[in-house]
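One-letter residues, chain by chain:
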Amino acid sequence: MTALTGGVREFVLAFADDEHLMGQQHTEWIGIAPFLEEDLAFSSIGQDELGHAAALYAIVLGGGDSDEPVDDRQLDALAFDPDPLRWRSANLTEIRTDDWAHALVRHWLYDTAEQLRWELVADSSLPALAGAAARAEREEWFHRRHADGLLDVLLPAPDAGERLRAALADLLPVAVGLFDPVAGEVEAVAAGVTAAPFDTRMPEWIDRVRSRFDTDLPLSTRSPAGRTTRSDAFGPLLSRMREVLDLDPAATW
Amino acid sequence: MKRYEVFLKKDGRDEYRHAGSLNAPDDDLALVLARETYLRRAEGDRLWLVDRAHLVVGDTEFVAPNADKPHRHNDGERIAERRRRLREERAPREEEAGS
């Protein structure tokens, strides 16, 4: 079992963190989504993202060697690390969306970018990462169909359409940060872990955003922080995720 | 929102069975939501959705007109009683030995 190191570790860790936080955010809609069926669907999609996160964290810790599975407690320690400095998540996955329009638009924006992200690692030099990409795509087409299905119905509706467009205007400046590279991405590209820097797929993503929402909204220029700064929403989110762990820090799970 | 009735079937097994119902805005989303509401744990291999508006429904007055005609009902009790009596008459010992 060989844990990843250096830029390659950073690269996979950032992906894992995004998937983890996005999964957490979606599952928080259990019980409060607009209707029962959507409640189940959205939380279930969140569970898929948590599954991707678990696979990616396992690759970070064990290099994806399936002969020696990563210890669950070691994986939890990484996935629920209380130290904000260890995280490489994009701010889009950290912010709290209190209304459904924002949650749905973020779901679409994130999953559209996620598709492009998995494509880049489909032929990764890390076999486990290429395997995770193939597995993820078997679930992701469904996530996109879910998000598109809802937008097909809601965007043309007067009230819903307005709310969704307002949510898009709020979220876009944050969403572009998904493409911010970690410091070690160059190393990951050189090692063949990913085919190209993620932001090379950004123009494709922007085209899809514009055609999906039929909008000319200006896409603000990014201020790449190298995924090292956490948004204000991160602390409360991590607290919610660690709520049970923190009840008894000395407990053995 | 439309209401759909959900039917599932396992491949090579059973007939389509009613699994429940579902609210969805259109057919496409109904399929998406049915997958997550009724098939998250591989409960079936095949899925039928029926828009409830397309169901031909008989009202209860129409469906149960013979509820008050006991002469049409056969609960099997009289036949069972006759068989028991015949068995006991013909072979009481065998009956005691059990089978």
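Residues numbered from 1 in each chain as written. Chains lettered and ligands numbered in written order. Predicted model: local features only at pLDDT ≥ 70, side-chain atom pairs only at ≥ 80, totals over all residues.

*Asks:* Before we move on, can you summarise the overall build of chain A with the specific residues and values?
*Replies:* Of regular secondary structure, chain A possesses 10 helices and zero strands. Helices and strands in chain A line up, N terminus first, as α-α-α-α-α-α-α-α-α-α. Taken against the 2.2 N^0.38 rule, which gives 18 Å for 253 residues, the C-alpha radius of gyration of chain A at 18 Å falls within 12% of a compact globule. Considering only C-alpha atoms, chain A reaches an extent of 55 × 45 × 30 Å along its principal axes. For chain A, restricting intrachain contacts to residue pairs at least 6 apart in sequence, the fraction spanning at least 24 positions comes to 77%. (Helix = DSSP H or I, 4+ residues; strand = E, 2+ residues; numbered from the N terminus. Rg over C-alpha atoms; globule rule 2.2 N^0.38 Å. Contact = placed C-beta atoms within 7 Å.)

*Asks:* Just give me the short version of the overall build of chain B, but keep the residues and values in it.
*Replies:* Looking only at helices and strands, chain B features four helices and three strands. Listing every helix and strand of chain B by position from the N terminus yields β-β-α-β-α-α-α. A compact globule built from 99 residues should have a C-alpha radius of gyration of about 13 Å, whereas chain B, at 24 Å, is more than 25% larger. Over its C-alpha atoms, taken along the principal directions, chain B stretches across nearly 65 × 35 × 15 Å. Taking all contacts inside chain B whose residues are at least 6 apart in sequence as the whole, residues at least 24 apart take part in 41%.

*Asks:* Account for the environment of Leu104(A), naming residues and giving values.
*Replies:* Counting through the fold element by element, Leu104(A) comes out in helix α4 (residues 100–120). Those residues in contact with Leu104(A) that sit more than four places away from it in its chain are Ala147(A), Leu150(A) and Leu164(A).

*Asks:* Hey, could you go over the interface of chain A and chain B for me, with residue numbers and the actual values?
*Replies:* Between chain A and chain B, the residue contacts involve 11 residues of the former and 12 residues of the latter. Elements with a minimum of two residues in the side of chain A that touches chain B: α2 (36–62) and α5 (127–154) of chain A. Classifying every residue of the side of chain A that touches chain B gives five nonpolar, three polar and three charged. (Nonpolar A, V, L, I, M, F, W, Y, C, P; charged D, E, K, R; others polar.)

*Asks:* Hey, could you go over the sheet that holds strand β1 (residues 2–10) of chain B for me, with residue numbers and the actual values?
*Replies:* Residues and elements named next belong to chain B. The strand order β2-β1-β3 describes an open sheet built from three strands, whose pairing is antiparallel. Of all the strands in the sheet, just β2 (13–24) and β3 (46–51) have a single pairing partner and so form its edges. Neighbour-to-neighbour, the strand axes of the sheet open up by a mean angle of 25°, direction not taken into account. Sheet topology places β1 next to β3; six bridges connect them, and they run antiparallel. The residue of β3 that forms the bridge with Glu5 is Val50. (Pairing = 2+ DSSP bridges. Axes fitted to C-alpha atoms, helices over the stretch in contact; angles between N-to-C directions.)

*Asks:* Please give an account of the confidence of the model for chain B that cites residues and values.
*Replies:* Taken residue by residue, chain B gives an average pLDDT of 87. The fraction at 70 or more is 92%. Model confidence for the complex: the whole-complex pTM is 0.86, and ipTM, which rates the interface, is 0.79. (pLDDT = per-residue confidence, 0-100.)

*Asks:* Summarise the environment of Trp205(A); cite the residues concerned and give the values.
*Replies:* Residue and element names in this part refer to chain A. Along the chain, Trp205 falls in helix α8 (residues 202–213). In sequence terms Trp205 and Val176 are 29 residues apart; their C-alpha atoms lie 9.4 Å from each other. Non-local contacts of Trp205, meaning those with residues more than four positions away in its chain, are made with Thr112, Ala113 and Leu116.

*Asks:* With reference to specific residues and values, describe helix α1 (residues 6–27) of chain A.
*Replies:* Each α-helix turn comprises 3.6 residues. Residues three or four places apart therefore point the same way. Taking 1.5 Å per residue, 22 residues should reach 32 Å; α1(A) reaches 32 Å between its end C-alpha atoms and fits that length. Burial analysis of α1(A) places 19 of its 22 residues in the buried class, the great majority of the element. (Expected span 1.5 Å × (residues − 1). Buried ≥ 20, exposed ≤ 12 C-beta atoms within 10 Å, placed from the backbone.)

*Asks:* Kindly report on the packing of α5(A) against helix α1 (residues 27–38) of chain B, identifying the contributing residues and their values.
*Replies:* At a closest axis distance of 10 Å, the pairing of α5(A) and α1(B) adopts a crossing angle of 145°. For the pair α5(A) and α1(B), the sense of crossing is left-handed. Note on element contacts: α1(B) touches α5(A) through Asp28(B), Leu29(B) and Val32(B), opposite Arg145(A), His146(A), Gly149(A), Leu150(A) and Val153(A). Residues belonging to the contact of α5(A) with α1(B) are distributed by class as follows: four nonpolar, two polar and two charged. (Left-handed = near helix turned anticlockwise from the far one by under 90°.)

*Asks:* Describe the pairing of β2(B), listing the residues and the values that go with them.
*Replies:* All names here are of chain B. Bridge analysis of β1 against β2 gives eight bridges, and the strand direction is antiparallel. Each bridged residue has a counterpart across the sheet, and for Lys2 the counterpart in β2 is Ala24. Linking two consecutive strands that pair antiparallel, namely β1 and β2, is a turn of two residues; a positive phi of about 75° is found at Gly12 within it.

*Asks:* Describe unusual backbone geometry, naming the residues involved and giving the relevant values.
*Replies:* In the Ramachandran plot, Asp214(A) falls in the positive-phi region, its phi being about 50° despite a non-glycine side chain. Residue position: Asp214(A) is located in the loop between α8 and α9 (234–241). Among the residues examined, Asp214(A) registers 9 C-beta atoms within 10 Å and is labelled exposed. One non-glycine residue, Ala42(B), adopts positive backbone phi at about 55°.

*Asks:* Any chance you could break down the packing of α4(A) against α8(A) for me, citing the residues and the numbers?
*Replies:* All names here are of chain A. Where α4 meets α8, the axes come as close as 10 Å, and the angle between the chain directions of the two elements is 145°. Crossing angle aside, the handedness with which α4 passes α8 is right-handed. The segment α4 lies against α8, with Trp108, Leu109, Thr112, Ala113 and Leu116 engaging Glu204, Trp205, Arg208, Val209 and Arg212. Grouping the constituent residues of the contact of α4 with α8 by class yields six nonpolar, one polar and three charged.

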